[in-house]
Amino acid sequence: MAVELQPVLTGKLLQMRPLREDDWGALYALAKDPLIWEQHPDRERWREERFREVFREGLESGGALVAIDLAGGRPIGFTRYHDYRPELSVVEIGWTFLARSHWGGMYNSEMKDLMVRHAFTFVKTVVFSAGVDNLRSRRAIEKLGAVPVGTKTNTNGGESVVYHLTEASYKGMYR
(Lines give C-alpha, C1' and ligand atoms only; values in the text may rest on other atoms or scores of the structure.)
Protein backbone atom coordinates (compact mmCIF):
# COMPACT_ATOMS: atom_id res chain seq x y z
CA MET A 1 0.00 0.00 0.00
CA ALA A 2 1.36 3.42 -0.97
CA VAL A 3 1.28 5.88 1.92
CA GLU A 4 0.44 9.49 1.14
CA LEU A 5 2.23 11.83 3.56
CA GLN A 6 1.08 14.95 1.69
CA PRO A 7 -2.60 14.36 1.01
CA VAL A 8 -5.22 17.01 0.43
CA LEU A 9 -7.56 16.81 3.44
CA THR A 10 -10.71 18.92 3.63
CA GLY A 11 -12.88 19.59 6.66
CA LYS A 12 -15.62 22.06 7.52
CA LEU A 13 -13.27 24.93 8.38
CA LEU A 14 -10.05 24.26 6.55
CA GLN A 15 -8.21 22.38 3.88
CA MET A 16 -4.80 20.82 4.39
CA ARG A 17 -2.66 20.61 1.25
CA PRO A 18 1.02 20.03 0.44
CA LEU A 19 3.33 22.89 1.38
CA ARG A 20 4.73 24.76 -1.65
CA GLU A 21 7.57 27.26 -2.17
CA ASP A 22 5.06 30.00 -2.94
CA ASP A 23 3.54 29.63 0.55
CA TRP A 24 6.61 31.32 2.07
CA GLY A 25 5.33 34.93 2.16
CA ALA A 26 1.90 34.17 3.61
CA LEU A 27 3.27 31.77 6.23
CA TYR A 28 6.12 34.01 7.33
CA ALA A 29 3.68 36.91 7.69
CA LEU A 30 1.96 34.75 10.33
CA ALA A 31 5.07 33.14 11.85
CA LYS A 32 6.88 36.43 12.54
CA ASP A 33 4.60 36.95 15.55
CA PRO A 34 6.88 36.20 18.55
CA LEU A 35 3.88 35.34 20.76
CA ILE A 36 3.20 32.23 18.67
CA TRP A 37 6.56 30.83 19.78
CA GLU A 38 6.70 32.03 23.40
CA GLN A 39 6.16 28.51 24.85
CA HIS A 40 7.93 26.63 22.07
CA PRO A 41 11.38 25.12 22.76
CA ASP A 42 12.70 27.18 19.80
CA ARG A 43 11.43 30.62 20.79
CA GLU A 44 13.38 32.23 17.92
CA ARG A 45 11.27 30.78 15.10
CA TRP A 46 9.69 34.19 14.57
CA ARG A 47 13.00 35.45 13.20
CA GLU A 48 13.12 35.28 9.40
CA GLU A 49 16.37 33.32 9.15
CA ARG A 50 15.14 30.73 11.67
CA PHE A 51 11.69 30.36 10.12
CA ARG A 52 13.28 30.11 6.67
CA GLU A 53 15.15 27.04 7.97
CA VAL A 54 11.94 25.53 9.39
CA PHE A 55 10.12 26.23 6.13
CA ARG A 56 12.92 24.67 4.06
CA GLU A 57 12.96 21.58 6.29
CA GLY A 58 9.20 21.33 5.83
CA LEU A 59 9.50 21.44 2.05
CA GLU A 60 12.27 18.83 2.08
CA SER A 61 10.42 16.54 4.53
CA GLY A 62 7.88 15.28 2.03
CA GLY A 63 5.22 15.46 4.75
CA ALA A 64 4.45 19.16 5.30
CA LEU A 65 0.93 20.50 4.90
CA VAL A 66 -0.32 24.07 4.89
CA ALA A 67 -3.68 24.82 6.55
CA ILE A 68 -5.97 26.98 4.42
CA ASP A 69 -8.98 28.68 6.04
CA LEU A 70 -11.90 27.80 3.77
CA ALA A 71 -13.77 30.98 4.71
CA GLY A 72 -11.00 33.30 3.54
CA GLY A 73 -8.94 31.05 1.28
CA ARG A 74 -5.72 32.05 3.06
CA PRO A 75 -3.04 30.06 4.87
CA ILE A 76 -3.40 30.08 8.66
CA GLY A 77 -0.53 27.76 9.61
CA PHE A 78 1.21 24.54 8.83
CA THR A 79 2.12 21.14 10.22
CA ARG A 80 3.70 17.92 9.02
CA TYR A 81 3.94 14.18 9.16
CA HIS A 82 7.39 12.99 10.16
CA ASP A 83 9.37 9.87 10.93
CA TYR A 84 7.01 7.37 9.32
CA ARG A 85 8.15 3.91 10.41
CA PRO A 86 6.04 1.23 8.72
CA GLU A 87 7.81 -1.59 10.59
CA LEU A 88 6.50 -0.11 13.86
CA SER A 89 3.23 1.20 12.35
CA VAL A 90 3.93 4.71 13.65
CA VAL A 91 4.12 8.27 12.32
CA GLU A 92 4.71 11.58 14.10
CA ILE A 93 2.59 14.69 13.63
CA GLY A 94 4.27 17.93 14.59
CA TRP A 95 5.98 21.18 13.63
CA THR A 96 2.52 22.70 13.90
CA PHE A 97 1.87 26.39 14.16
CA LEU A 98 -1.33 28.33 13.83
CA ALA A 99 -1.91 32.07 13.45
CA ARG A 100 -3.06 33.64 16.73
CA SER A 101 -6.17 34.85 14.94
CA HIS A 102 -7.24 31.19 14.80
CA TRP A 103 -6.34 30.16 18.36
CA GLY A 104 -8.97 29.11 20.84
CA GLY A 105 -11.44 27.77 18.32
CA MET A 106 -11.96 24.66 16.31
CA TYR A 107 -9.17 25.16 13.74
CA ASN A 108 -6.40 23.31 15.59
CA SER A 109 -8.84 20.54 16.51
CA GLU A 110 -9.94 20.12 12.91
CA MET A 111 -6.35 20.26 11.66
CA LYS A 112 -5.34 17.48 14.04
CA ASP A 113 -8.52 15.50 13.38
CA LEU A 114 -7.96 15.48 9.62
CA MET A 115 -4.34 14.44 10.02
CA VAL A 116 -4.95 11.81 12.72
CA ARG A 117 -7.82 10.18 10.85
CA HIS A 118 -5.68 10.03 7.71
CA ALA A 119 -2.73 8.61 9.68
CA PHE A 120 -4.88 5.82 11.10
CA THR A 121 -5.44 4.57 7.55
CA PHE A 122 -1.78 3.45 7.48
CA VAL A 123 -0.48 3.28 11.11
CA LYS A 124 -1.63 2.08 14.50
CA THR A 125 0.09 4.79 16.56
CA VAL A 126 0.47 8.54 16.07
CA VAL A 127 3.28 10.24 17.97
CA PHE A 128 3.26 13.85 19.15
CA SER A 129 5.84 15.79 21.13
CA ALA A 130 5.75 19.19 22.78
CA GLY A 131 8.24 21.13 24.83
CA VAL A 132 7.81 20.52 28.56
CA ASP A 133 6.94 24.21 29.03
CA ASN A 134 4.62 24.39 26.01
CA LEU A 135 1.42 23.98 28.00
CA ARG A 136 -0.86 25.10 25.15
CA SER A 137 0.39 22.37 22.84
CA ARG A 138 0.49 19.75 25.57
CA ARG A 139 -3.15 20.44 26.55
CA ALA A 140 -4.23 20.25 22.89
CA ILE A 141 -2.43 16.91 22.45
CA GLU A 142 -3.89 15.50 25.66
CA LYS A 143 -7.42 16.53 24.59
CA LEU A 144 -7.02 14.14 21.66
CA GLY A 145 -6.59 11.24 24.07
CA ALA A 146 -2.82 10.95 23.62
CA VAL A 147 -0.87 9.71 26.63
CA PRO A 148 2.66 10.72 27.66
CA VAL A 149 5.19 7.91 27.21
CA GLY A 150 8.44 9.69 28.08
CA THR A 151 10.64 12.61 27.15
CA LYS A 152 13.29 13.35 24.55
CA THR A 153 15.95 15.97 23.99
CA ASN A 154 15.31 18.24 20.99
CA THR A 155 17.91 19.26 18.44
CA ASN A 156 18.16 22.64 20.21
CA GLY A 157 18.84 20.94 23.56
CA GLY A 158 15.38 21.49 25.06
CA GLU A 159 13.28 18.70 26.51
CA SER A 160 9.95 17.56 25.04
CA VAL A 161 7.23 15.28 26.31
CA VAL A 162 6.48 12.43 23.88
CA TYR A 163 2.88 11.24 23.48
CA HIS A 164 1.30 8.23 21.81
CA LEU A 165 -2.20 8.16 20.38
CA THR A 166 -3.96 5.01 19.23
CA GLU A 167 -7.24 4.73 17.42
CA ALA A 168 -8.79 3.24 20.57
CA SER A 169 -7.74 6.21 22.72
CA TYR A 170 -8.52 8.89 20.13
CA LYS A 171 -11.10 11.46 21.25
CA GLY A 172 -11.41 13.25 17.93
CA MET A 173 -13.93 15.82 16.79
CA TYR A 174 -16.08 13.43 14.84
CA ARG A 175 -16.03 10.31 17.00
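Residues numbered from 1 in each chain as written. Predicted model: local features only at pLDDT ≥ 70, side-chain atom pairs only at ≥ 80, totals over all residues. Heavy atoms only, no water.

### So, the pairing of strand β6 (residues 125-131)
Of all seven residues in β6, six are buried, a share of seventy percent or more. Sheet analysis places strand β5 (residues 90-98) next to β6, joined by three bridges and oriented parallel. Each residue of the ladder has a partner; that of V91, found in β6, is V126. Bridging between β6 and strand β8 (residues 159-166) involves seven bridges; their strand directions are antiparallel. Among the inter-strand pairings, V127 is bridged to a residue of β8, identified as H164. (Buried < 20%, exposed > 50% of the residue type's maximum accessible area, 1.4 Å probe, protein only. Helix = DSSP H or I, 4+ residues; strand = E, 2+ residues; numbered from the N terminus. Pairing = 2+ DSSP bridges.)

### Remarks on the nonpolar core
Counting 30 residues, the largest nonpolar core has M16, Y81, V126, F128 and L165 as its most contacted members. Of all the secondary structure elements, the ones that give two or more residues to this core are β2 (14-18), β3 (64-69), β4 (74-85), β5, α3 (107-119), β6 and β8. Ranked by residues supplied to this core, first place goes to α3 with six residues. Discounting chain neighbours no more than four positions away, the residues touching L165 are V116, F120, K124, T125, V126, F128, L144, G145, A146 and Y170. (Core = buried A, V, L, I, M, F, W, Y, C linked by side-chain atoms within 4.5 Å. Contact = heavy atoms within 4.5 Å.)

### Description of the packing of aromatic side chains
The full count for this structure, using the stated rule, is ten aromatic pairs. Centroid distance F51 to F97: 5.6 Å. Interplanar angle 85 degrees. Geometry classified as edge-to-face. Linking F51 in helix α2 (residues 48-61) with F97 in strand β5, this pair joins segments that are 46 residues apart in sequence. You can call F51 buried: its relative accessible area is 0%. Exposure remark for F97: the relative accessible area of 2% places this residue in the buried category. For the ring pair F120 and Y170, a centre distance of 6.2 Å and an interplane angle of 65 degrees mean the geometry is edge-to-face. Placement of the pair is F120 in the loop between α3 and β6 and Y170 in the segment after β8, with a sequence separation of 50 residues. Y170 carries the same exposure label as F120, and that label is buried. These aromatic residues form a ring-pair network of at least three members: W24, Y28, F51, F55, F78 and F97. (Phe/Tyr/Trp six-rings, centres within 6.5 Å; stacked < 30°, edge-to-face > 60°.)

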